[in-house]
Amino acid sequence: MTGRLRQRLRWAQALAGDGTFAPAADKPDETWLDAQLTRHEGARATALQRLNIALAELDNAPIGTLHAWCSRIQRQFPFAAGARFEPARIASGEALNAQLALDVRRVLASPQDADGQALASAWGERKPPNAQEIAMLLAPGNAVLPVAAPAPAPVRWAGILRAALDDRFHHPRNRGLQKTWRAIADFLDAGDGDLPEFDELLRTRDKNYSGFLPKASQSQPAIVAAIDIGRDLHDHLATLHSHREQAAWSAMQQWLRARKQAEQLRSDQRTFDDLIGDVHAALVAESASGERSLADAAHAAWPVALVDEFQDTDGIQYDILDRIHRGVDGRPRGRLLMIGDPKQAIYRFRGGDIHAYQRAAAGVDAPDRIHLRVNQRSSRAYVDALNVFYAATGEALDARGGGSGIAYEPVEASGRREGGYLPAGGALQIRVASGLANDADSRRRAAPSRKPQCARRSHRSGPLCRGCVGAAPAAPPASSVRASRCAGRGQLAFACRPGSASTTAEYRVASPATTRLGRPCTSTGMSPASVTRLRR
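Presented here is a report on the structure given in the accompanying data block. (Residues numbered from 1 in each chain as written. Predicted model: local features only at pLDDT ≥ 70, side-chain atom pairs only at ≥ 80, totals over all residues. Heavy atoms only, no water.)

### Quick look at the overall build of the chain
- Looking only at helices and strands, one finds 21 helices and nine strands in the chain.
- Burial statistics for the chain: of 536 residues in total, 34% are counted as buried.
- Sequence separation of 24 or more characterises 73% of the internal contacts of the chain that already satisfy a separation of 6 or more.
- Put simply, the chain shows about 32,000 Å² of open surface, and 52% of that area lies on carbon and sulfur atoms. (Helix = DSSP H or I, 4+ residues; strand = E, 2+ residues; numbered from the N terminus. Buried < 20%, exposed > 50% of the residue type's maximum accessible area, 1.4 Å probe, protein only. Contact = heavy atoms within 4.5 Å. Areas by Shrake-Rupley, 256 points an atom, 1.4 Å probe, with all protein chains shown as cover.)

### Remarks on unusual backbone geometry
- Located in the positive-phi region is Asp268, a residue other than glycine, with phi close to 55 degrees.
- Mapped onto the elements, Asp268 comes out in the loop between helix H13 (230-267) and strand E2 (269-270).
- Notably, Glu309 is not glycine yet its phi reads approximately 50 degrees, a positive angle.
- Tracing the backbone shows Glu309 in the loop between strand E3 (304-307) and helix H16 (315-324).

### A closer look at the packing of helix H1 (residues 2-16) against helix H2 (residues 28-37)
- Contact geometry of H1 with H2 gives a least axis separation of 11 Å together with a crossing angle of 55 degrees. The angle between H1 and H2 places the two elements in the oblique class. Where H1 crosses over H2, the handedness of that crossing is right-handed. When H1 is examined against H2, the residues Arg8, Trp11, Ala12, Leu15 and Ala16 are found in contact with a partner set consisting of Asp29, Glu30, Leu33 and Leu37.
- Of the residues assigned to the contact of H1 with H2, the class counts are six nonpolar, no polar and three charged. (Axes fitted to C-alpha atoms, helices over the stretch in contact; angles between N-to-C directions. Parallel < 35°, antiparallel > 145°, perpendicular 65-115°, else oblique. Left-handed = near helix turned anticlockwise from the far one by under 90°. Nonpolar A, V, L, I, M, F, W, Y, C, P; charged D, E, K, R; others polar.)

### Describing the packing of helix H9 (residues 156-163) against helix H10 (residues 176-190)
- The geometry of H9 relative to H10 is characterised by a closest axis approach of 9 Å and an angle of 150 degrees between their N-to-C directions. In terms of orientation, H9 lies roughly antiparallel with respect to H10. Remark: the crossing between H9 and H10 carries left-handed chirality. Taking contact as the criterion, the partners of Trp157, Ala158, Leu161 and Arg162 in H9 are, on H10, Trp181, Ile184, Ala185, Asp186, Leu188 and Asp189.
- Classifying every residue of the contact of H9 with H10 by side-chain character gives seven nonpolar, no polar and three charged.

### Points about helix H17 (residues 354-362)
- For H17, the set of buried residues is Ile354, Ala356, Tyr357 and Ala360. Here the buried residues of H17 occupy an arc of 155 degrees about the axis, which is enough to place them on one side.
- Where the residues of H17 are buried, they touch H16 and strand E4 (335-338). (Arc of directions from axis to C-beta.)

### Overview of the pattern of salt bridges
- Applying the stated rule across the entire model yields 20 salt bridges.
- For the salt bridge of Arg162 with Asp189, the shortest nitrogen-to-oxygen distance reads 2.8 Å. Here the residue Arg162 occupies a position in helix H9, and Asp189 occupies one in helix H10, the gap between them amounting to 27 residues.
- Judged by relative accessible area, which is 35%, Arg162 ranks as partly exposed.
- Among the charged side chains, a network of salt bridges with common partners joins Asp103, Arg106 and Arg259. (Salt bridge = Lys/Arg side-chain N within 4 Å of Asp/Glu carboxyl O.)

### Looking at H13
- The end-to-end C-alpha distance of H13, which contains 38 residues, comes to 55 Å, matching closely the 56 Å that a straight helix rising 1.5 Å per residue would cover.
- One or two positions beyond H13, positive phi appears at Asp268, with a value near 55 degrees. (Expected span 1.5 Å × (residues − 1).)

### Quick word on a nonpolar patch on the surface
- Residues Val304, Leu306, Leu337 and Ile339 make up a contiguous nonpolar surface patch of about 310 Å² in total accessible area.
- Among the secondary structure elements, Val304 is positioned in strand E3. (Patch = residues over 30% accessible without salt bridge, like charges linked within 9 Å, V, L, I, M, F, W, Y side chains within 5 Å.)

### Focus on the pairing of E3
- Judged by which residues are buried, E3 turns out to be one-sided: Ala305 and Val307 face inward and are buried, whereas Val304 and Leu306, on the alternate face, are not.
- As paired strands, E3 and E4 are joined by four bridges and run parallel to one another. Bridge pairing in E4 links Ala305 to Leu336.
- For the handedness criterion, the β-α-β arrangement of E3, H16 and E4 is classed as right-handed. (Pairing = 2+ DSSP bridges. Right-handed = clockwise from strand over helix to strand, strands pointing away.)

### Re the side chain of Glu30
- Among the secondary structure elements, Glu30 is positioned in helix H2.
- Lacking a salt bridge, the buried Glu30 has Lys27 as its closest oppositely charged neighbour, with an N-O distance of 4.0 Å. (Lys, Arg positive; Asp, Glu negative; His and termini not counted.)

### Thoughts on the nonpolar core
- With 28 residues, the main nonpolar core has Trp69, Ile73 and Ile320 as its most contacted residues.
- Of all the secondary structure elements, the ones that give two or more residues to this core are helix H4 (66-76), helix H14 (272-288), helix H15 (293-301), E3, H16 and H17.
- Among residues more than four places away in sequence, those in contact with Ile73 are Val279, Leu294, Trp302 and Ile324. (Core = buried A, V, L, I, M, F, W, Y, C linked by side-chain atoms within 4.5 Å.)

### Thoughts on a positive patch on the surface
- Where like charges cluster on the molecular surface, the positive patch consists of Arg4, Arg377, Arg416 and Arg417.
- Within the secondary structure layout, Arg377 lies in the loop between strand E5 (374-375) and helix H18 (380-393).
- In this structure Arg377 comes out as exposed when scored by relative accessible area, which is 73%. (Charge placed at Lys NZ, Arg CZ, Asp CG, Glu CD.)

### What to know about the environment of Ala45
- Here Ala45 is to be found in helix H3 (residues 43-57).
- Residues Ala45 and Ala16, 29 residues apart in the sequence, show an inter-C-alpha distance of 8.4 Å.

### Some words on the environment of Asp103
- Inspection of the secondary structure puts Asp103 in helix H6 (residues 93-109).
- Residue Asp103 is classed as buried on the basis of its relative accessible area, which comes to 9%.
- As a C-alpha pair, Asp103 and Leu256 span 153 residues in sequence and 9.4 Å in three-dimensional space.
- Look past the residues within four positions of Asp103 in its chain and what remains in contact with it is Trp255 and Arg259.

### Side note on the packing of aromatic side chains
- If you walk through the whole model with that rule in mind, you get eight aromatic pairs.
- Aromatic side chains Trp69 and Trp302 sit 5.7 Å apart centroid to centroid with 70 degrees between the ring planes, which places their arrangement in the edge-to-face category. Here the residue Trp69 occupies a position in helix H4, and Trp302 occupies one in the loop between H15 and E3, the gap between them amounting to 233 residues.
- With relative accessibility at 11%, the residue Trp69 sits in the buried group.
- With a centroid separation of 4.3 Å and 20 degrees between ring planes, the pair formed by Tyr390 and Tyr408 is classed as stacked. Note that Tyr390 is positioned in helix H18 and Tyr408 in the loop between H18 and strand E6 (412-413), a separation of 18 residues in sequence.
- The exposure class assigned to Tyr390 is partly exposed, which follows from its relative accessible area of 22%.
- Since its relative accessible area comes to 9%, Tyr408 is described here as buried.
- Taken together, the ring pairs in this structure connect Trp69, Phe77 and Trp302 into an aromatic cluster.
- A cation over an aromatic ring shows up here: Arg8 above the ring of Trp11, its NZ or CZ 4.2 Å from the ring centre. (Phe/Tyr/Trp six-rings, centres within 6.5 Å; stacked < 30°, edge-to-face > 60°. Lys NZ or Arg CZ within 6 Å of the ring centre and 35° of its normal.)

Here you go:
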């Protein structure tokens, strides 16, 4: 990292010192640098001075994670950060969460004190949280939001449901709705207790009674009255369910925080997440009191911060950076450089928050944004193929209904990765086998009476092997075939290497084999080939 930064600083220094420098239109970094050098009279001299200082002081710049930076803040400014002069030992957060998961199980099974009994009462019969869920509950900034309890249900609802329970109104072979209405009526009469299942109410809410109510019953006054309250009844129970769930998780979060704090005091330990949380708490506290001693001290020490892979940060981490690099008037100060790509956000399971990235990006003025549209790592053919693929299939990268607005943007290849990158035998190509059986009955009829076993010791048990389908080439195939049960209009795609003697055999063998057997075979001794089920 230090070497790459030094190289870029020297690049900028050389261009800033070149009086004939003219930026290339297709290079956004040169365009941005030129804008800084020509912003006002004397800007070039100021930029050169800053670049010279940056090169001279680069080796003194802390390079590491945000956790390590927060630890350094506490060591250098203990008074402002409210930290100890002798810091606690840093311990593994994963080990602590695993221990807490065991403690929770013991307490829920046999509470020994008032706190444990209160937790067991609030948690009920729910499954104890695992270590990953505990990590999310204890992550800095995470809070279980309360849901207000709904108003008491109208007394008449229970009577309306009971009037619709007559056996004559319900389908003799499917009394699921009848059972649901009875359970809900009992719950409403009791006024408390475990919530009954109420998913079946979605059918009445959406006016879908197929299989539950004979057509003649749907016009009965008692049935009509029960159906009319179905939407309000479902919403009432759903809100009550959310209220109870959030209350239970809030009780669990409070108990875990207290238990974690007690354990850390006993062992004099802190976790990496604690470093983030402690610095953030100190910044928030001083801001509330009108002081900025910690933010000002940290900014004076590090007026410029460069955050790589910014899409993997969370809201608390971004808030720390923002508070330090923003003045008392709310305007940015110094320089906070954020480098990220929302398409590469992969650490949501560890608390990474893509919305924090989007909030940060939205707060940057257009002149200070640089869009990197040149791929430096891939060949032109690969980049062109991706551009064509997303142009044909749609550029949105959200899961359905995600709404984040993250989309694929066409890029160009730099040309630095041409040649010398392909494996022996050429690139993988996609082959499509058509005409495969798509329904369960056809697959059952085509299945052999006795499942063949793979003859190769290197293969895991599975039918789609050469030893199982009757093809036995003299040499191992260039790629193994991983197949899945066909689920889309008789289409199966699998990858194979062109130019090998086994390519045609693989293609010919895979189609009837997957039709007959429909189970995967993988090889532990060969390079895997991708298999994708296609739908048309």
